[in-house]
Amino acid sequence: MQTKAASSGQRYRQVVRDFTASLGARAQLSLTSMSPKDIRSYRDAELAAGKSPKTANLSVKIVSAAFHAAQRQGYIAANPCTALDGLLEETAQRGTFTAKQMARLIDAAEGDWKGAIMLGYFSGARLGDVSNMRWSAIDLERKLLTFTPSKTKKPVTIPLHRELECQLLKAPGIGKAFLFPALAGKGTGGKSGLSGQFAAVMARAGIAGKITRTRQTGGPIAA
């Protein structure tokens, strides 16, 4: 069983990876070159990846703690994170894609992105969970999808939508094989990360906005 400390350490390491990815080529620059614009870009990438304002605020706090330590030790004169106001957590809401928008997204998507977009739409799963989903989550005989969201850590089981099933069966797999191997293991941050790739799909589909989630198959039938 993973301890709380180990879980926190994993969370911090993921934040570091995503923040570094969001910097792109700027990641090679010194700490003194980091600006509030870099922090804002990272936070925007977190939101674009489907994370809540609360989670995005927490990610910035983790990054800020590192910059604060560097400031205390004299490596930088100021912490660039302090220039940003926190996002409003109570009133922030996500929109949802309409059926027509989803059809356009699927048409604009290529390769594993077609199935990934459908899975996110029909299950409500987050981008990171979708990209690392395995075939063991799919019960084709009972027509069920069972997975454990990284945010809640509580397993859910929902009916497998027929359209999603048909898409998945175009490249069937078994066991621990990833549903979408081209997306598995990749971070969400940065232009080349999953959020940036999905934003490109949205652009090709002519849809403006942020990554959104909605479940079209009803609520969980098991917890």
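Note: the structure precedes this text.
Conventions and cut-offs
- Residues numbered from 1 in each chain as written.
- Predicted model: local features only at pLDDT ≥ 70, side-chain atom pairs only at ≥ 80, totals over all residues.
- Heavy atoms only, no water.
- Helix = DSSP H or I, 4+ residues; strand = E, 2+ residues; numbered from the N terminus.
- Salt bridge = Lys/Arg side-chain N within 4 Å of Asp/Glu carboxyl O.
- Buried < 20%, exposed > 50% of the residue type's maximum accessible area, 1.4 Å probe, protein only.
- Pairing = 2+ DSSP bridges.
- Phe/Tyr/Trp six-rings, centres within 6.5 Å; stacked < 30°, edge-to-face > 60°.

Draft legend 1. Spatial organisation of the environment of K170. Secondary-structure assignment places K170 in the loop between α7 (162–168) and α8 (194–205). Separated by 55 residues in sequence, K170 and G115 have C-alpha atoms that sit 9.7 Å apart.

Draft legend 2. Here's a closer look at the pattern of salt bridges. Applying the stated criterion to the full structure yields four salt bridges. In this structure, D38 engages R26 in a salt bridge whose closest nitrogen and oxygen atoms are separated by 2.9 Å. Linking D38 in helix α2 (residues 36–48) with R26 in the loop between α1 (4–23) and α2, this pair joins segments that are 12 residues apart in sequence. Linking E165 and R162 is a salt bridge whose minimum nitrogen-to-oxygen distance equals 3.3 Å. Within this pair, E165 and its partner R162 are both found in helix α7, separated by three residues, close to a single helical turn. A relative accessible area of 4% places E165 in the buried class. Since its relative accessible area comes to 54%, R162 is described here as exposed. Among the charged side chains, a salt-bridge network with shared partners connects K143, R162 and E165.

Draft legend 3. Spotlight on the sheet that holds strand β2 (residues 144–147). Here we have three strands laid out as an open sheet, ordered β1-β2-β3, and antiparallel in their pairing. At either end of the open sheet lies a strand with only one pairing partner, and these are β1 (138–139) and β3 (156–159). Bridge analysis of β2 against β3 gives four bridges, and the strand direction is antiparallel. Along β3, the bridge assignment pairs T146 with T157.

Draft legend 4. Quick look at the packing of aromatic side chains. Enumeration according to the criterion identifies four aromatic pairs in this entry. Seen from their ring centres, W113 and F198 are 5.9 Å apart, and the 35° between their planes marks the pair as tilted. Note that W113 is positioned in helix α5 (residues 112–123) and F198 in helix α8, a separation of 85 residues in sequence. The exposure classification of W113 matches that of F198, with both residues buried. These aromatic residues form a ring-pair network of at least three members: F19, Y42 and F67.

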